[in-house]
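# Analysis of the macromolecular model
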Amino acid sequence: MKLKSQKIYGFVLIAIGIVLDAVFAYLQSIDYKGGVICGMGTTFIFIGLIYLLRVRRLSKNKEKAADYEAAVTDERTAYIVSKARSATFYICIFAQLIAALLCIFLFDQPLIGQVLMYLTCFQCIVYYVILIIFNKKY
């Protein structure tokens, strides 16, 4: 991702975090007792700030910025990123499947287990549809 798009991405993450924190503040005003939304909002803001700080640091030093741009567009880096995404997808699918089975059989929560199963199946279907589309396209 180029520096300019990372800067935009950082601002988008901060905006999402602010919206999530505003939603949490509203939900707290109606006696909602859950801090997950606030934690997510704060995390989005933090990650957005990290992106902006990295862009600022790299844009101050032209040599580092050029090295970074070369590394981002490198074929080896693209391959490693692709493999990491693929491995993350498979790990998440199997973790979701295990969580669904635990919910159904161990924790006696069949509705949550079914929703996780449907989500797992939906993700696999989307994956294979995109795989077919990309095989025809490339």
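Figured I'd write up the structure that's included with this text. Predicted model only: the values in this text are computed from it and were never measured. All chains use their own residue numbering, which begins from 1 and follows the written sequence. With pLDDT at 70 or above as the cut-off, local features in this predicted model cover only qualifying residues; side-chain atom pairs require 80 or more to be listed or tallied, and sums for whole chains, interfaces and linings still use all residues. Excluded from the side-chain calculation are hydrogens and water; included are all heavy atoms of the structure.

## Here we look at the overall build of the chain
Formally: Only DSSP runs of H or I with at least four residues qualify as helices, and only runs of E with at least two residues qualify as strands; both kinds are numbered from the N terminus onward. The globule rule used here is 2.2 Å times the number of residues to the 0.38 power, and the radius of gyration it is set against is calculated over C-alpha atoms.
For the chain, the helix and strand inventory stands at five helices and zero strands. When the helices and strands of the chain are placed in sequence order, the string is α-α-α-α-α. For the chain, whose C-alpha radius of gyration is 20 Å, the value lies well above the compact-globule estimate of 14 Å for 138 residues. Dimensions of the chain, computed from C-alpha atoms along their principal axes, come out at roughly 60 × 50 × 25 Å.

## Points about the environment of Ile-45
We apply this condition: When accessible area is computed with a 1.4 Å probe and restricted to protein chains, residues below 20% of their type maximum are described as buried, those above 50% as exposed, and intermediate ones as partly exposed. Pairs of residues are marked as contacts when any of their non-hydrogen atoms sit within 4.5 Å.
Position of Ile-45 relative to the elements: it lies in helix α2 (residues 36-60). Ile-45 gets classed as partly exposed once you look at its relative accessible area, which sits at 21%. A C-alpha to C-alpha distance of 6.2 Å links Ile-45 and Leu-13, two positions 32 residues apart in sequence. Every residue in contact with Ile-45, bar those within four places of it in the chain, is listed here: Leu-13, Ile-14, Gly-17, Ile-18 and Asp-21.

## Here's the deal with helix α3 (residues 62-73)
Put simply, the rule reads: Take the residue count of a helix, subtract one, and multiply by 1.5 Å to get its expected span. Polar contacts here mean pairs of N or O atoms no more than 3.5 Å apart (in protein, one a potential hydrogen donor and the other a potential acceptor; neighbouring residues in sequence count only if both atoms are side-chain atoms).
Taking 1.5 Å per residue, 12 residues should reach 16 Å; α3 reaches 17 Å between its end C-alpha atoms and fits that length. A distance of 3.2 Å separates the backbone nitrogen of Glu-63 from a side-chain oxygen at the start of α3, and that oxygen is part of Asn-61.

## Digging into the packing of helix α1 (residues 3-29) against α2
A pair of packed helices is captured by two measures, namely the crossing angle of their axes and the spacing between those axes. Rules: For helices, the axis comes from a line fit to the C-alpha atoms of the stretch in contact; other axes are also lines fit to C-alpha atoms, and the angle between any two N-to-C directions lies between 0 and 180 degrees. Working definition: roughly parallel below 35 degrees, roughly antiparallel above 145 degrees, roughly perpendicular at 65 to 115 degrees, and oblique for all remaining angles. Here is the rule for handedness: rotate from the far helix to the near one, and if that takes an anticlockwise turn smaller than a right angle the crossing is left-handed, while a clockwise turn gives right-handed. Charged means Asp, Glu, Lys or Arg here, nonpolar means Ala, Val, Leu, Ile, Met, Phe, Trp, Tyr, Cys or Pro, and polar covers whatever is left, Gly included.
At a closest axis distance of 7 Å, the pairing of α1 and α2 adopts a crossing angle of 160°. By the criterion of interaxial angle, the relationship of α1 to α2 is roughly antiparallel. Crossing handedness for the pair α1 and α2: left-handed. Of the residues assigned to the contact of α1 with α2, the class counts are 21 nonpolar, six polar and three charged.

## A few points about the packing of aromatic side chains
Note the threshold: Pairing of aromatic side chains requires ring centres within 6.5 Å, counting the rings of Phe and Tyr and the six-membered ring of Trp. Pairs whose planes differ by under 30 degrees are stacked, by over 60 edge-to-face, and all others tilted. Working rule: Lys NZ or Arg CZ, within 6 Å of ring centre, within 35 degrees of ring normal, means a charge sits over the ring.
Taken as a whole and judged by the stated rule, the model has six aromatic pairs. Pairing Phe-89 with Tyr-127 gives two aromatic rings, centres 5.0 Å apart and planes at 20°, and the pair type is stacked. Placement of the pair is Phe-89 in helix α4 (residues 75-106) and Tyr-127 in helix α5 (residues 110-137), with a sequence separation of 38 residues. Owing to a relative accessible area of 27%, Tyr-127 belongs among the partly exposed residues under this scheme. Among the aromatic residues, ring-to-ring pairing joins Phe-89, Tyr-90, Tyr-127 and Tyr-128 into one connected group. Sitting over the ring of Tyr-51, Arg-54 keeps its end group 5.1 Å from the ring centre.

## Side note on the nonpolar core
What counts is decided by this rule: Here the nonpolar core consists of buried residues drawn from Ala, Val, Leu, Ile, Met, Phe, Trp, Tyr and Cys, with membership extended through side-chain atoms lying within 4.5 Å.
Among the nonpolar cores identified, the biggest contains five residues, and these are Leu-3, Val-55, Leu-58, Ala-65 and Tyr-68. Of all elements in the fold, only α2 and α3 reach the threshold of two or more residues within this core.

## Comments concerning a nonpolar patch on the surface
This is how the line gets drawn: Like charges within 9 Å and nonpolar side chains (Val, Leu, Ile, Met, Phe, Trp, Tyr) within 5 Å are joined into patches, using only residues over 30% in relative accessible area that form no salt bridge. Areas reported here follow the Shrake-Rupley algorithm with a probe of radius 1.4 Å; residue values treat only the protein chains shown as occluding. Here, a salt bridge means any Lys or Arg side-chain nitrogen found within 4 Å of an Asp or Glu carboxyl oxygen.
A cluster of nonpolar side chains, Leu-119, Phe-122, Ile-125, Val-126, Val-129, Ile-130, Ile-133, Phe-134 and Tyr-138, forms an exposed patch at the surface whose accessible area comes to about 890 Å². In this structure, Val-126 sits in helix α5.

## Considerations on the side chain of Gln-96
Mapping Gln-96 onto the fold places it in helix α4. With a relative accessible area of 13%, Gln-96 lands in the buried category. Those residues in contact with Gln-96 that sit more than four places away from it in its chain are Leu-116, Leu-119, Thr-120 and Gln-123.

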